[in-house]
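Each chain is listed here by its residues.
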Amino acid sequence: QVQLMESGGGLVQPGGSLRLSCAASGSIFFINAMGWYRQAPGNQREHVATITGGGSTDYADSVKGRFTISRDNAKNTVYLQMNSLKPEDTAVYYCNLDQRSPFGNRRIISWGQGTQVTGSS
């Protein structure tokens, strides 16, 4: 089974920075993409950033220019560098893994448990 372990969340002042990490372990096969989603109280979970297996990236308009997603393939770890944090960035951030298994060409989606990010004075 896949495990996604997030870390790096916390409380920062508006304009501050945080770096989130997500380490994947367990049954990892061929990675289509890894990414970050977030969910604020009362809101739906929304996409923040994605990096594909080919290395291309995609960002939500609300974070583009402020957040950077990166990956360490050797460690099966994805990072989210968050700069210029705003109060509206406050949410639980979830790591996502989209992979495919060679056993029956299955697509497997996994989620981390979430880490709290608070950008408040």
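Refer to the preceding data block for the structure.
Keep in mind the model is a prediction, meaning the values are calculated, not measured.

Student: Would you take a moment to explain the pairing of strand S3 (residues 18-25) for this structure?
Tutor: Put simply, side chains in a regular strand alternate between the two faces of the sheet. Relative to S3, strand S1 (residues 3-7) runs antiparallel, the two sharing five bridges. Note on S3: the bridge partner recorded for Gln3 is Ser25. One ladder, built from six bridges, connects S3 with strand S8 (residues 77-82); its direction is antiparallel. Within S8, the position partnered with Arg19 by the bridge is Gln81.

Student: Whenever I open this one, the environment of Tyr79 confuses me. Can you help?
Tutor: You can see Tyr79 is positioned in strand S8. Judged by its relative accessible area of 14%, Tyr79 is buried. Tyr79 sits 45 residues away from Met34 along the chain, and the two C-alpha atoms are 9.6 Å apart. In contact with Tyr79, other than residues within four places in its own chain, are Arg19, Leu20, Ser21, Trp36, Thr68, Ile69, Ser70 and Asp72.

Student: Whenever I open this one, the pattern of salt bridges confuses me. Can you help?
Tutor: Any two side chains of opposite charge can pair, on the condition that their charged atoms come close. Applying the stated criterion across every chain yields a total of four salt bridges. Taking the shortest distance from any N to any O, the salt bridge between Arg38 and Asp89 comes out at 2.9 Å. Here Arg38, found in strand S4 (residues 30-39), pairs with Asp89, found in the loop between S8 and strand S9 (91-101); they are 51 residues apart in sequence, far enough to count as distant. Asp89 shares its class with Arg38; the two are buried. The partner of Arg107 in a salt bridge is Asp98, and the shortest N-O contact between them spans 2.4 Å. You can call Arg107 exposed: its relative accessible area is 61%. Within the structure, one salt-bridge network assembled from shared partners comprises Arg38, Glu46, Arg66 and Asp89.

Student: Can you walk me through the sheet that holds S8 in this structure?
Tutor: Sheets are built from strands that pair by backbone hydrogen bonding, the pairs being arranged parallel or antiparallel. Within the open sheet, the four strands sit side by side as S1-S3-S8-S7. Their pairing is antiparallel. A single partner strand is all that each edge strand has here, and the edge strands are S1 and strand S7 (67-72). Ignoring strand direction, the axes of neighbouring strands in this sheet form an average angle of 15°.

Student: I tried to follow the state of the cysteines on my own but got confused; where do I start?
Tutor: Two cysteines whose sulfur atoms are joined by a covalent bond form what is called a disulfide. In this structure the tally under the stated criterion is one disulfide. A disulfide bridge connects Cys22 with Cys95, and the sulfur atoms are separated by 2.0 Å. Because the sign of the S-S torsion sets the handedness, a value of about -85° for the bond joining Cys22 and Cys95 places this disulfide among the left-handed ones. Taken together, the positions of Cys22 in strand S3 and Cys95 in strand S9 put the pair 73 residues apart, joining distant regions of the chain. Cys22 sits in the buried class, given a relative accessible area of 0%.

Calculation rules
- Throughout, residues of each chain are indexed from 1 in the direction in which the sequence is written.
- Residues qualify for local features only when their pLDDT is at least 70, as the model is predicted, and side-chain atom pairs are given and counted only at 80 or more; totals for whole chains, interfaces and linings, by contrast, use all residues.
- Side-chain calculation: all heavy atoms of the structure are included, whereas hydrogens and water are not.
- Pairing between two strands is assigned when DSSP locates at least 2 bridges connecting them.
- Each helix corresponds to a stretch of at least 4 residues labelled H or I by DSSP, and each strand to a stretch of at least 2 residues labelled E; elements are numbered beginning at the N terminus.
- Relative accessibility thresholds used throughout: buried, under 20% of the residue-type maximum; exposed, over 50%; partly exposed, between the two (1.4 Å probe, protein chains only).
- Every residue pair with non-hydrogen atoms within 4.5 Å of one another is taken to be in contact.
- Counted as salt bridges are all cases of a side-chain nitrogen of Lys or Arg within 4 Å of a carboxyl oxygen of Asp or Glu.
- Axes here mean lines fitted to C-alpha atoms, for a helix over just the part in contact, with angles spanning 0 to 180 degrees between N-to-C directions.
- Defined by distance alone, a disulfide is two cysteine sulfur atoms within 2.5 Å.

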